[in-house]
Amino acid sequence: DGKCMMKNTCSRTIKVSWLSNPLKGDPIAVSSFPDPDGQCRKKFPEQVFANWAAMEQEADIAECIAAAVKDGKCMMKNTCSRTIKVSWLSNPLKGDPIAVSSFPDPDGQCRKKFPEQVFANWAAMEQEADIAECIAAAVKDGKCMMK
């Protein structure tokens, strides 16, 4: 959209010679400037754009992927509607909150490579399903009755 968006993911401030202000170290803050003539692409090295793509992929995985290791298999679900690319999987995970993808995981790659959040996502998903399947509740006389 004609904007150069930047993040300094380090803790220290970085001075970029062609920018008027240094980029303060803050992995959350996004700095930007209008870039109708593409100076951002011309002046930053390609690695900077690869860093941004990796950062977005990491955020997508934490938000959308739920995973668990069961019976020596890595079980995965993409709970978002969009397809999510996981760099170390041969195929992207299509957005489908019902479909489960899996692969044999005898050497524990699933736990080693996925962030902890995806396992918390699976646990929350299972808890939600258990509640929906097993709990009955009603409100009577201002009281919540449950079985």
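Structure: see above.
A brief structural summary. (Residues numbered from 1 in each chain as written. Predicted model: local features only at pLDDT ≥ 70, side-chain atom pairs only at ≥ 80, totals over all residues. Heavy atoms only, no water.)

**Overview of the overall build of the chain**
Secondary structure summary: the chain contains 4 helices and 7 strands in total. Shown N-terminal to C-terminal, the secondary structure of the chain runs as helices and strands in the order β-β-α-α-β-β-β-α-α-β-β. Over its C-alpha atoms the chain spans a radius of gyration of 22 Å, topping by over 25% the 15 Å that the globule rule assigns to 147 residues. In terms of overall dimensions, the chain has a C-alpha envelope of 65 × 50 × 30 Å along the principal axes. Burial analysis of the chain (147 residues in total) assigns 23% to the buried set. Pairs at least 24 residues apart make up 47% of the contacts formed inside the chain by residues separated by at least 6 positions. Approximately 10,400 Å² of the chain is accessible, and the part contributed by carbon and sulfur atoms is 54%. Positive and negative side-chain charges in the chain, numbering 20 and 19 respectively, have mean positions lying 3 Å apart. (Helix = DSSP H or I, 4+ residues; strand = E, 2+ residues; numbered from the N terminus. Rg over C-alpha atoms; globule rule 2.2 N^0.38 Å. Buried < 20%, exposed > 50% of the residue type's maximum accessible area, 1.4 Å probe, protein only. Contact = heavy atoms within 4.5 Å. Areas by Shrake-Rupley, 256 points an atom, 1.4 Å probe, with all protein chains shown as cover. Lys, Arg positive; Asp, Glu negative; His and termini not counted. Charge placed at Lys NZ, Arg CZ, Asp CG, Glu CD.)

**Considering the nonpolar core**
Counting residues in hydrophobic clusters, the biggest one holds 16 residues, and the most contacted among them are M76 and F114. For this core, the secondary structure elements donating two or more residues are α2 (46-64), β3 (65-70), β4 (73-78) and α4 (116-134). With residues near it in sequence (within four places) discarded, F114 still touches I61, I65, A67, C74, M76, V86, W88, Q109 and F119. Core analysis: the next-biggest nonpolar cluster, separate from the first, contains 9 residues, C4, V16, L23 and F49 among them. (Core = buried A, V, L, I, M, F, W, Y, C linked by side-chain atoms within 4.5 Å.)

Coordinates in, geometry out; function isn't part of it.
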